[in-house]
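A structural walkthrough
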Amino acid sequence: MSVLFRRFPNYGKFTTQLLFKDVEKQLIFKHVSTNTAGNVKSPRGFIKLSLVGLSVGALVGTGFSIHKNNKTTTHIINEETTIPPLKEIPKIPPTRKMVYPGSPQGLKLTLYQYQTCPFCCKVRAYLDYYGISYDVVEVDAVLRQSIKWSPYKKVPILVAEIEEGYQPMNDSSMIISALQSYLQDKGGSITEIVKCYPSISYEEDGSKKVDIMNKYFIMYNGINPNRTKEEMEEERKWRKWVDGVLVHTLSPNVYRTPEQAFQAFNWFSDTGEWDKHFPAWERYMMVYVGAVAMWLISKRLKAKYNLKEDVRLSLYDECNKFAKAIHLKGTSFMGGNEPNLADLSVYGVLSSIEGCDAFRDLLEYSKIKNWYLLMKDTVQNHRGMSFG
Ligand SMILES: N[C@@H](CCC(=O)N[C@@H](CS)C(=O)NCC(=O)O)C(=O)O
């Protein structure tokens, strides 16, 4: 992996070499075939209730895809794309503006999000910690009108204003890595940085899947990272664990019983101020259909991700792993005296369930509480602000 730390005069070269590594990894671990047949299923034709249920299910973003397949056969389509800048996107009044006086000059960002989506919470934790100003557009989970302009249909989407228009960034980990790369190299261009994170699409059991290359890598572009290779590897390891493991323990815990599912959706509605942003019919749909759908889906997720019979134990176990790793380092954070991107990612996704019983239990019965409260204080006071 030494190639990952070599310095390159421009981002393009860096991308090509990393991309090669990642494709190589996929070729090793997945069955490869030249068969590229198979269409992406469209939601058209679903009755409205199912559509609403499924859309709301996506709110927590942890495995709606389980409905589509459980098999493991994969065919690489090998389509590589980068997110093109757009000349125009519809002007939607922001739901709120987060303004930080020390925010990096010239960086105008809009976050399209669901308030309680763990991936969106992760991006907000990053922006708030570093005191980077941004506008928020709360997307309605049912019709998703405000992201109609985007070919990428999930949230978060972060859009940066650039000279030629707008540069969208998709996927929470890619967004964080791209912004971190931009902040390291202040003279760099967001569009050039985004090119370092191309998407590769492939077919898995009849549906098209997309992976974003290099999404846990920061592009230093010749700048000395001032960190050891081991520190950077450790940070990436835990960031991957957040997306690949930790996040999958959340839904089965949050929606463990119908009562807890309703409680969670009512909290989503309160904290996301759904009464302000969405018509009453849509809000009720989201709460009632969403709670039932997620309660049902979470049973499948529990099986898919091999969670323990008592799903709380899986959540505690995972959080204890992270807390123990920090304890062994003898520091306050995984990043040492200051949080790194792993700390911010763990904090972000856990903050998405703050209003739920599962969260209260987590703080009471696991070892994550002290770290979590310290992180909360650190993020809410924007202690990384001097970085910008
Ligand atoms: N890997 C993505 C996952 C994003 C995601 O799954 N978002 C959910 C909401 S929490 C979503 O928009 N789902 C819509 C859908 O799957 O159609 C990230 O890290 O941003």
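This structure is a prediction, so every number in the text was calculated from the model and none was measured.

Let's shift gears to the overall build of the protein. The number of helices and strands found in the protein is 14 helices and eight strands. In the protein, which comprises 388 residues, the proportion classed as buried is 41%. Across the protein, every contact between residues at least 6 apart in sequence was considered, and the portion connecting residues at least 24 apart equals 79%.

Bringing the environment of W274 into the picture now. Inspection of the secondary structure assignment puts W274 in helix α9 (residues 274-277). Exposure remark for W274: the 23 C-beta atoms within 10 Å place this residue in the buried category. Setting aside chain neighbours within four positions, we find W274 in contact with S269, R283 and M286.

Now for helix α4 (residues 172-184). Its 13 residues give α4 an end-to-end C-alpha distance of 18 Å, which sits within 8% of 18 Å, the value for a rise of 1.5 Å per residue. The buried fraction of α4 amounts to 11 of the 13 residues, a majority that puts the element mostly inside the structure. Along α4, the positions that sit buried rather than exposed are S172, S173, M174, I175, I176, S177, A178, L179, Q180, S181 and Y182.

Let us look at the pairing of strand β3 (residues 109-113). Of all five residues that make up β3, five are buried, and the element is covered over most of its length. Relative to strand β5 (residues 157-162), β3 runs antiparallel, the two being bridged by four bridges. Each bridged residue has a counterpart across the sheet, and for Y112 the counterpart in β5 is I157. The pairing of β3 with strand β4 (residues 134-138) spans four bridges and is classified as parallel. Directly across from L111, in β4, lies its bridge partner V136. Considered for its hand, the β-α-β crossover made up of β3, helix α3 (residues 118-130) and β4 is right-handed.

Two elements, β5 and strand β6 (residues 165-170), share six bridges in a ladder whose sense is antiparallel. Looking across to β6, one finds that V159 is bridged to P168. Count of turn residues in the β5/β6 antiparallel hairpin: two residues.

What follows is about the sheet that holds strand β2 (residues 96-98). The strand order across the open sheet built from five strands is β2-β4-β3-β5-β6, with neighbouring strands paired in mixed fashion. Strands at the two margins of the open sheet, each flanked by one partner only, are β2 and β6. Each strand of the sheet is rotated relative to its neighbour by a mean of 25°, with strand direction disregarded. With three bridges joining them, β2 and β4 adopt antiparallel strand pairing. In the sheet register, K97 faces β4, and the bridge partner there is D135.

Once that is clear, we can look at the packing of helix α11 (residues 311-329) against helix α13 (residues 357-365). Contact geometry of α11 with α13 gives a least axis separation of 10 Å together with a crossing angle of 50°. With respect to α13, the axis of α11 lies oblique. Viewed along their axes, α11 and α13 form a crossing whose handedness is right-handed. Residues R312, L315, Y316 and C319 of α11 form the contact with α13, whose own contacting residues are A358, D361, L362 and Y365.

Moving on: the environment of N221. Looking at where N221 falls in the secondary structure, it is placed in the loop between β8 (207-212) and α6 (229-244). N221 gets classed as partly exposed once you count the C-beta atoms within 10 Å, which come to 19. Residues N221 and S181 lie 40 residues apart in sequence; the distance between their C-alpha atoms is 8.4 Å.

Turning our eyes to something else, we now look at the packing of helix α8 (residues 258-271) against helix α10 (residues 280-304). For the pair α8 and α10, interaxial distance at closest approach is 9 Å and the crossing angle is 145°. α8 and α10 meet at a crossing whose hand is right-handed. Along the contact surface, α8 presents P258, A261, F262, F265, N266 and S269, while α10 presents R283, M286, V287, G290, A291, M294 and W295. When the residues that make up the contact of α8 with α10 are grouped by side-chain class, the tally is nine nonpolar, three polar and one charged.

Spanning 13 residues, α3 covers 19 Å between terminal C-alpha atoms, matching the ideal 18 Å at 1.5 Å per step. Counting buried residues in α3 gives 13 out of 13 residues, a clear majority hidden from the surface. Two residues or fewer past α3, G131 is found with a positive phi of approximately 60°.

The next subject is the nonpolar core. One finds V123, Y126, L158 and A178 to be the most contacted residues of the largest nonpolar core, which totals 93 residues. Contacts of A178, omitting those with residues within four sequence positions, involve M169, I193, V194 and Y197.

Residue-level pLDDT values for the protein average 83, and 79% of them are 70 or greater. Per-residue pLDDT stays below 50 along residues 1-72; that stretch engages in 106 contacts with residues further than four places along the chain or on separate chains.

A few words now on the environment of I212. Position of I212 among the secondary structure elements: in strand β8. The exposure class of I212 is partly exposed, given the 19 C-beta atoms found within 10 Å. The contact partners of I212, leaving out residues within four places of it in the chain, are D171, M174, Y197 and S199.

Between V155 and the following residue, P156, the backbone shows a cis peptide bond with an omega angle of 5°. Non-glycine residue D171 carries a positive phi angle of around 85°. For D171, the position within the fold is in the loop between β6 and α4. Positioned with a positive phi, N226 is a non-glycine residue whose angle comes to about 55°. Relative to the elements of secondary structure, N226 occurs in the loop between β8 and α6.

So, how was this worked out
- Residues numbered from 1 in each chain as written.
- Predicted model: local features only at pLDDT ≥ 70, side-chain atom pairs only at ≥ 80, totals over all residues.
- Helix = DSSP H or I, 4+ residues; strand = E, 2+ residues; numbered from the N terminus.
- Buried ≥ 20, exposed ≤ 12 C-beta atoms within 10 Å, placed from the backbone.
- Contact = placed C-beta atoms within 7 Å.
- Expected span 1.5 Å × (residues − 1).
- Pairing = 2+ DSSP bridges.
- Right-handed = clockwise from strand over helix to strand, strands pointing away.
- Axes fitted to C-alpha atoms, helices over the stretch in contact; angles between N-to-C directions.
- Parallel < 35°, antiparallel > 145°, perpendicular 65-115°, else oblique.
- Left-handed = near helix turned anticlockwise from the far one by under 90°.
- Nonpolar A, V, L, I, M, F, W, Y, C, P; charged D, E, K, R; others polar.
- Core = buried A, V, L, I, M, F, W, Y, C linked by C-beta atoms within 7 Å.
- pLDDT = per-residue confidence, 0-100.

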